[in-house]
Structure formats: structure tokens, C-alpha cells
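# Summary of the model geometry
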Amino acid sequence: MMTLNSQRTGLPTQIAQRLDTAETAAATAAKILIAGRIKGGFSTSFKSPYDLVTSIDLASERAILEILKRECPDDLILSEEASPTLGNRDQSGKSGAAYTAPLWVIDPIDGTMNYAHGLRETAISIAYCEQGIPVLGIVECPFVQETFIGIRGYGAWLNGEPIRASVTTDISHALVATGFPSQRDPQTLDKTLARVRKVLTSCRDIRRAGAASIDICQVACGRLTAFFEDIFPWDIAAGTVIAEEAGAIRGRFHDRLSDDYPATLDATGYMISAPGIFTALTELIKK
Ligand code: LIP
């Protein structure tokens, strides 16, 4: 398999240009996250009782959006804080149709809680989509100096070197990650904990690192075997193209789709898995 640098010259122009743009935006945002941590004193607030946002999320998002709007002025942007749906964007018409246009899907800080607590599992996640399908993804992890990139049809790389998902076929050998929802009502918690219990009794162990985009990339490079969670498009869009290009399989552990996004970007009931345990894990979590 080719390194990212040897692959660059063979990319179609519109993808090569957007890769440059995405790398510039991710590197710019990474500097903002690092500076924010060194300087400290950033503000925090809660969007809902368990859903945190910091002033660094907003600064990172502003910098990314400025670069994308300058370099790709006609592309649409779905971004966690500034534009979490396209439904009421006046230049895009109906929300369903809007998602078929060239589209960026941004999480300016994935793992905001980790960031606020000084943990390293924090990333910037940037995806570019065509027809609602992520075709290019970058997950930049500034505190561990790891950059994951995936380009549909061309490959997936960690710091420029090709990566592959785990080849395990035995679910009892699987190290599986998940996340916990910000809704903590008793019914949601019961369902979440029941799934955790199933994984703990059938797999090797479970992890909750707190940044879905990184969990998905860990599946892509074989450190984790699978990941599942009910989440949002900006948490999964970039990671999904990276993991799928590394051989992982995307699926669903329930069939309740959100009204806000097309199925290709919907992240409710999201799972991604090494191919050899995908069927067994889906059956385990669904049943
Ligand atoms: C967070 C995730 C985390 C997940 C949370 C949340 P944020 O993203 O990546 O792993 O469990 O539900 O979505 O809010 O830090 O961008």
C-alpha cells in the first residue's frame, strides 16, 4: 500500500485541493487547541446538562470556517456549534436536497470534555462529502501528534503511513469502545448499560475514551476492534471514511434514524467494526 505522499499526485484535482484545504484547517485549529491549553483560562458553558462547549471550540470552529469559506466558497458546511443542521440555511433550499451538494462536516473539538479536563484524547474532525457521502476525512489529534486521513477509493493513513483494521475473527478477542449519551434519562441509561453489559460478557473488554472520532480511527488502525454509540454526523463523518478505507465495516445497532440528516450521515445507532467480527457484534448489541 502506498504512503499518503506517493498517493497525492494521483488524486483528482477537486479532492487534492480539498485535502490541502482540510490539512490547513486542521493544522490551524490544532494550534488553537494547543495554545488554549497552554494559556488556560478559557470559558466553559453547557448546551444541555451534560453537553459542554468551551470558548476554544468556538475559536477553533471560527478558524476552520474562515479557511473553508475562503478556499471553497460554494461548498456547504455542517458544523457542531455554528450550523448543526442545514435545514434552515437560506441558500440551500430544502434540507434533504442540501446534503447532496458539496458539503463539509466539522467537529472543531471532538472530546470537548477531555479538552476541558486536560486529557489528551481530543481531536479536530473535518470531512468533505459528495452526495451526502464522506469522501475525504481528517482527524487531527494535536496532543499525541497523530493525524489520520482517509480518501474514498485511495486509502487510509496515520501520519502518512497506510493503516488497516484488525483481522481478528473471534469476538471474544475484541476490544470494543463506546460512548455515553448526554441524555441521562432512566430509559436511555438502561439501554446504554444493557449494551455495555453484553459487550463486557462476550468481548475482551470495553473502553470509553471520550472522543468518538478518535475511537473510530483506533478501529481503523487496529488498536481497537470496534466502536458503537448513538451520536452525531460531525463525530463520525471523517472517521468513517478513514475506517472504511482501512477495511472496517460501518453498520447500525438500531433502526431509528434521525429526522435531521440523510442516512449516509446519520449517526444514531452507529457502529464500525473490524470485518471479521462485524456480524457477531451486530447480533450481540442488537439482540
Ligand atoms: C463527544 C464524543 C464523545 C461522545 C459524546 C460527544 P463532543 O463529542 O465524541 O465520545 O461520547 O456523546 O458526542 O461533544 O466532544 O464533540
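Refer to the structure presented above.
Now for a description of the structure that goes with this document.

Here is what the cut-offs are and how they apply
- Residues numbered from 1 in each chain as written.
- Predicted model: local features only at pLDDT ≥ 70, side-chain atom pairs only at ≥ 80, totals over all residues.
- Heavy atoms only, no water.
- Near = heavy atom within 4 Å.
- Polar contact = N/O pair within 3.5 Å; in protein donor to acceptor, adjacent residues only side chain to side chain.
- Helix = DSSP H or I, 4+ residues; strand = E, 2+ residues; numbered from the N terminus.
- Pairing = 2+ DSSP bridges.
- Contact = heavy atoms within 4.5 Å.
- Axes fitted to C-alpha atoms, helices over the stretch in contact; angles between N-to-C directions.
- Expected span 1.5 Å × (residues − 1).
- Buried < 20%, exposed > 50% of the residue type's maximum accessible area, 1.4 Å probe, protein only.

### Some words on the site of the ligand
As a matter of local geometry, the ligand sits amid 15 residues, with Asp 110, Gly 111, Thr 112, Ala 212 and Glu 229 nearest to it. Here Asp 110 contributes a side-chain N or O atom positioned 2.5 Å from an oxygen atom of the ligand. A distance of 3.3 Å separates an oxygen atom of the ligand from a polar atom in the backbone of Ala 211. With 3 residues, the top contributor of residues to the shell around the ligand is strand β4 (residues 103–110).

### A look at the sheet that holds strand β7 (residues 146–151)
Taking strand neighbours across the sheet as the criterion, the 7 strands line up as β3-β4-β5-β6-β7-β8-β9 in an open arrangement whose pairing is mixed. Looking at strand neighbours, the two that pair on one side only are β3 (76–79) and β9 (161–162), the edges of this open sheet. Two strands pair when backbone bridges link them, and strand β6 (residues 133–141) and β7 are joined in this way by 6 bridges, in the antiparallel orientation. If you follow Ile 138 over to β7, its bridge partner there is Ile 149. Of the strands in this sheet, β3, β4, β5 (123–130), β6, β7 and β8 (155–158) are in contact with helix α8 (residues 233–245), which crosses β6 at around 100°.

### Considerations on helix α2 (residues 13–39)
Taking 1.5 Å per residue as the helical rise, α2 with its 27 residues ought to reach 39 Å, and the 39 Å between its terminal C-alpha atoms agrees with that figure. Taken as a whole, α2 has its buried residues at Ile 15, Arg 18, Leu 19, Thr 21, Ala 22, Ala 25, Ala 26, Ala 29, Ala 30, Leu 33 and Gly 36. After α2 finishes, the residue Gly 40 shows a positive phi value of roughly 70°.

### A word on the pairing of β4
β4 sits mainly inside the fold: 8 of its 8 residues count as buried. One ladder, built from 4 bridges, connects β3 with β4; its direction is parallel. Paired with Ile 77 across the strands is Trp 104, a residue of β4. Of the pairings in the sheet, the one linking β4 to β5 comprises 6 bridges and is antiparallel in character. Among the inter-strand pairings, Val 105 is bridged to a residue of β5, identified as Ala 127.

Keep in mind that these numbers describe shape and distance, not what the molecule does.
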